Amino acid sequence: MTSKFSASNNTEDPREPNNCPPLTLSPDLSSERSKSSFNPLAITNFIDGSADATSKRRLLESWIIRDPSGVFNNDDNNYLHRSERHTRALAKFVRLVELCRAAGIGAKSTNGTSKDSAAVNHIEGEIIATPEFITLVNAISDDPFPTSLHWVMFVPNILTLCDAEQQAQWLPLCRDWKMIGCYAQTELGHGSNIRALETTATFLKESDGAAKGGEWIINSPTLTSTKFWPGTLGKTANHAMVIARLIDGSGKDHGIHNFLVPLRSMEDHTLLPGVETGDIGPKIGYNNMDNGFARFDNVRIPRRNMAMRFAMVDEDGRYEKVVMKGGSKNADAASKVAYITMMQVRAYIIHSSNDALAMACTIAIRYSTIRRQGYNSDADKKLAENAPNEIQVLDYRQQQYRLLPLLAASYAIFFSGKHVLARLKNIENQLVSGSTAITKTVVGDIHATTSALKSYATAFTADGIEDCRKACGGHGFLVSSGLVELSNTYLQSCTVEGDNYMLPQQVVKVLLKLVGAMQSGDAALLKDHKGTDMEYLIAPLMALMKENGGVPNKSRFVFPTTNGNAQDFLDVSTILEAFQHRSACLLLDVAMQLASNMAKSSAQQAWNDCLLGMARASRAHASYILLRDFYNGLKEEEEKSSSSCLGPNEIQVLSQCLTLLGLYWMDQYLEDFLQNQSISPGSIPHLRQAILDVMTKLRPDAVGLCDARDYSDFRLKSALGKFDGDVYPAIMESARRDPLNQKSADGGVGMGYDESLKKLIVGGIGEYKKGLSGTVSRL
């Protein structure tokens, strides 16, 4: 089918329904935009990939905003019960699929052009494989669809863990939305500790009563083995990729494996025998999604419903690893690919954080230019001149310190998210093709990176969204601000795919292997770290060990004080070096503390006593990677010169964002730098003056940097963050829309008056009647 759109259709702009460039109604926003030192559209094009890509995205967004069915309208979202939100979300998704099919959106046939037949490829016509689909999903701007886990985890698991025959059977059903799946790993009693999962898949041979070829018996042996929390599981999915303990024909437990388990009839959606599923109930946010529970009472599935790309069980119940390309059995391949699949979800969470934080900043910064508080020194004169005589909230330094670093961080997270997703895709393709180039060190490194970034970026983003809400004052407490739903929806990111307080342990466990290799002088292992994200640690660790005998009491790096003023802190390469040494010192501190603790307590207690230090080391590792990726990304664009979407002015303003973010994190975690003596107490005033200087430079570009993200009003869903700045009418419109006002009787009589309030005001229930029975205290 031929697509109904092309890059030449580039006139649509979703920010205005009449397809005209938005007209700025607010004089304040108009003034802000006139001060911008760069072209926001250039950054928009860079984020999208090109000017044509921006035009195409805007066109796709316009399909949603102007869809004649009206199903995508979000105006009443704030007033609906979650059951209504869930039902409407399903209707939206069905309409989305209809639009995609009508437009010819779908993966193209590879026609044997893939360089490797084992590469991870979607089949022809698959909607979810296209960037257009993701753009449309984002444009709908609602809580995640009830179907989301189908493309986020279910289909990717089939692609990476199932063999060619299984893919040929199941992928067409997934493509045609006959099979809708979820990923059922987490249990009521176990989450991150997947080795402790209790759901079992026990093999039953044909000779013992199974169907031809043998069957698996899927069972939930305990209450705590109930699958609990998986998205899409409650009412939407008719299949699940169930993670269960594999018990082979001899009764041997081979640990967790993946099994495709039918849940519901593909004819009428009724539950199949032995399966119990349901929704887990209301949550803080994410309430379009039917996060569910599932219990299995000896449910039988065919032997071939085990994912069999890397391991298999034959008809006699014998378990064995699959022979990979090259004739060897890669015993680690399945576990590596399973890790990569999980890490890809973490990478998506990391990357999506940049959008969530940028949207919050866009709302808060635009509103902070509209909102005025406190009078100018020449207020009377301005009043006489009919000019604004109150101060814009964004002109207050504390408001700049609250918001501008968050805006800068959204760009940093964008660069890191982009880098991690590309790296993971490359690793996945090499693994499934049987390549031996992906070592345990490489997998461990990307695991540490995604764990550190997921832990730090999601916590920073969640806190940042809340700070943006608070920065909007009382109106930030309104649901119509857009920030409440944005925050509630995003909060789950701090827990899903690894709790943020648990992940630092996994980060440091990997990084400590590098420390061990250096301490033992293992040259081969050190060489294996070349090109990894943790390679930067080698030089500062080596300097620390050589100078201090392994005791991280002082960094080998000291921030230069050549000028003796704020100028000392404005060199980005120096800031990066400071963050490298901070990370090395905190890591070595954990290593030395762990060794000391092991000498006087059990290994478990020694590890437990180091957890706070591990959190600091993981945070340091993540913040360095974020700054480094930001720096490298800008450097790469600068080297492209005229071929880049970014010109000198855009690179300059983004470099100022990078500088501010580095200085802000130094100020926020000053104790780390003071502890390793890379910054002297006497330099702190210079650091803080440097922050003020950079904020002064960025202040005129704040609105432009928000506009560069190109979020339509439809997507922001915020009365405070409107592109035209017409904030106060939007707040009043939202207030009048509330059912409490809509359902009032004639004369403005509110709901509940006749049933209750009237009894007080007219009926006299509350009247005090002195001396009458019933008025004497019975206490």
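Reading the values: the criteria
- Residues numbered from 1 in each chain as written.
- Predicted model: local features only at pLDDT ≥ 70, side-chain atom pairs only at ≥ 80, totals over all residues.
- Heavy atoms only, no water.
- Helix = DSSP H or I, 4+ residues; strand = E, 2+ residues; numbered from the N terminus.
- Rg over C-alpha atoms; globule rule 2.2 N^0.38 Å.
- Buried < 20%, exposed > 50% of the residue type's maximum accessible area, 1.4 Å probe, protein only.
- Areas by Shrake-Rupley, 256 points an atom, 1.4 Å probe, with all protein chains shown as cover.
- Pairing = 2+ DSSP bridges.
- Salt bridge = Lys/Arg side-chain N within 4 Å of Asp/Glu carboxyl O.
- Core = buried A, V, L, I, M, F, W, Y, C linked by side-chain atoms within 4.5 Å.
- Patch = residues over 30% accessible without salt bridge, like charges linked within 9 Å, V, L, I, M, F, W, Y side chains within 5 Å.
- Lys, Arg positive; Asp, Glu negative; His and termini not counted.
- Charge placed at Lys NZ, Arg CZ, Asp CG, Glu CD.
- Phe/Tyr/Trp six-rings, centres within 6.5 Å; stacked < 30°, edge-to-face > 60°.
- Lys NZ or Arg CZ within 6 Å of the ring centre and 35° of its normal.
- Polar contact = N/O pair within 3.5 Å; in protein donor to acceptor, adjacent residues only side chain to side chain.
- Contact = heavy atoms within 4.5 Å.

(A) Focus on the overall build of the protein chain. In terms of regular secondary structure, the protein chain is built from 26 helices and 13 strands. Against the compact-globule benchmark of 28 Å for 779 residues, the protein chain has a radius of gyration of 29 Å, which places it among compact chains. The buried share of the protein chain, taken over its 779 residues, is 53%. A total of about 34300 Å² of accessible surface is found on the protein chain, and carbon and sulfur atoms cover 53% of it.

(B) Geometry of the pairing of strand 3 (residues 215-219). The buried fraction of strand 3 amounts to five of the five residues, a majority that puts the element mostly inside the structure. With burial as the criterion, each face of strand 3 is covered, one bearing Glu 215, Ile 217 and Asn 219 and the other bearing Trp 216 and Ile 218. Summarising the sheet, strand 2 (residues 200-204) and strand 3 pair through five bridges and their orientation is antiparallel. Looking at the pairing, Leu 204 lines up with Glu 215 of strand 3. As paired strands, strand 3 and strand 9 (residues 299-302) are joined by four bridges and run antiparallel to one another. Counted as the bridge partner of Trp 216 is Ile 301 from strand 9.

(C) Representation of the pattern of salt bridges. Overall, the coordinates contain 41 salt bridges when judged by the stated rule. Salt-bridge contacts for Asp 48 lead to Arg 57; the nearest nitrogen and oxygen are separated by 2.9 Å. Its relative accessible area of 25% is what places Asp 48 among the partly exposed residues. Judged by relative accessible area, which is 12%, Arg 57 ranks as buried. Measuring nitrogen to oxygen at the nearest pair gives 2.8 Å for the salt bridge that ties Asp 163 to Arg 304. Here Arg 304 lies in the loop between strand 9 and strand 10 (311-313) and Asp 163 lies in the loop between helix 6 (148-161) and helix 7 (164-175), a separation of 141 residues in the sequence. Here Asp 163 falls in the buried class, since its relative accessible area comes to 17%. Connected through salt bridges with shared partners, the residues Asp 48, Arg 57, Arg 58, Glu 61 and Asp 710 form a single ionic network.

(D) Seen up close, the side chain of Thr 200. Among the secondary structure elements, Thr 200 is positioned in strand 2. On the accessibility criterion, Thr 200 (17% relative accessible area) is buried.

(E) Quick peek at the nonpolar core. Counting 209 residues, the largest nonpolar core has Trp 216, Phe 259, Ile 365, Trp 665, Met 666 and Leu 705 as the members making the most contacts within it. Take this core: its biggest share by element is 18 residues, from helix 8 (residues 333-370).

(F) Main features of the sheet that holds strand 8 (residues 292-296). Reading across the sheet, the three strands line up as 4-8-7 and stay open at both edges, with antiparallel pairing between neighbours. A single partner strand is all that each edge strand has here, and the edge strands are strand 4 (227-228) and strand 7 (275-279). Where strand 4 meets strand 8, two bridges bridge the pair, whose relative direction is antiparallel. The residue of strand 8 that forms the bridge with Lys 227 is Ala 294.

(G) Seen up close, a positive patch on the surface. Taken together, Arg 195, Lys 440, Lys 509 and Lys 513 make up a surface patch of like positive charges. Along the chain, Lys 440 turns up in helix 11 (residues 440-471).

(H) Representation of the packing of aromatic side chains. Taken as a whole, this structure holds 20 aromatic pairs when the rule is applied. Geometrically, the ring pair formed by Phe 93 and Trp 177 is edge-to-face, given 5.0 Å between the ring centres and 75° between the ring planes. One end of the pair, Phe 93, is in helix 4 (residues 82-103); the other, Trp 177, is in the loop between helix 7 and strand 1 (181-184), with 84 residues separating them in the sequence. Summarising the burial analysis for this pair, Phe 93 and Trp 177 share the class buried. Measuring from ring centre to ring centre gives 5.3 Å for Phe 579 and Phe 673, while their planes differ by 70°; the resulting arrangement is edge-to-face. Of this pair, Phe 579 sits in helix 16 (residues 572-598) while Phe 673 sits in helix 20 (residues 670-675), and the two are 94 residues apart along the sequence. In this structure Phe 579 comes out as buried when scored by relative accessible area, which is 0%. Pairwise contacts between aromatic rings join Phe 93, Phe 133, Phe 145, Trp 151 and Trp 177 into one cluster. Of note, Arg 33 hangs over the ring of Phe 723, and the distance from its end group to the ring centre comes to 3.8 Å.

(I) Examining a nonpolar patch on the surface more closely. A contiguous nonpolar patch, built from Leu 757, Leu 760, Ile 761, Val 762 and Ile 765 and spanning about 520 Å² of accessible area, is present on the exposed surface. Assignment of secondary structure puts Ile 761 in helix 26 (residues 753-761).

(J) Focus on the side chain of Thr 232. Along the chain, the position of Thr 232 falls in the loop between strand 4 and strand 5 (239-247). Here Thr 232 falls in the buried class, since its relative accessible area comes to 0%. Polar side-chain contacts of Thr 232 include one of 2.6 Å to the backbone oxygen of Pro 146. At a separation of 3.3 Å, a polar atom in the side chain of Thr 232 contacts the main-chain amide nitrogen of Leu 149. Setting aside its immediate chain neighbours within four residues, Thr 232 contacts Pro 146, Thr 147, Ser 148, Leu 149, His 150, Ile 180, Gly 181, Cys 182, Ala 237, Met 289 and Asp 290.

(K) Up close: the pairing of strand 1. Burial along strand 1 is two-sided: the residues Gly 181 and Tyr 183 and Cys 182 and Ala 184 are all buried. Here strand 1 pairs with strand 5 via four bridges, running parallel. What sits directly across from Tyr 183, in strand 5, is Met 241.

(L) Molecular detail of the environment of Ile 247. Following the sequence through the fold, Ile 247 ends up in strand 5. Sequence-wise, Ile 247 and Ser 225 are 22 residues apart; in three dimensions their C-alpha atoms are separated by 16 Å. For Ile 247, the residues in contact, after removing those within four places along its chain, are Ala 201, Thr 202, Phe 203, Trp 216, Lys 252 and Asp 253.

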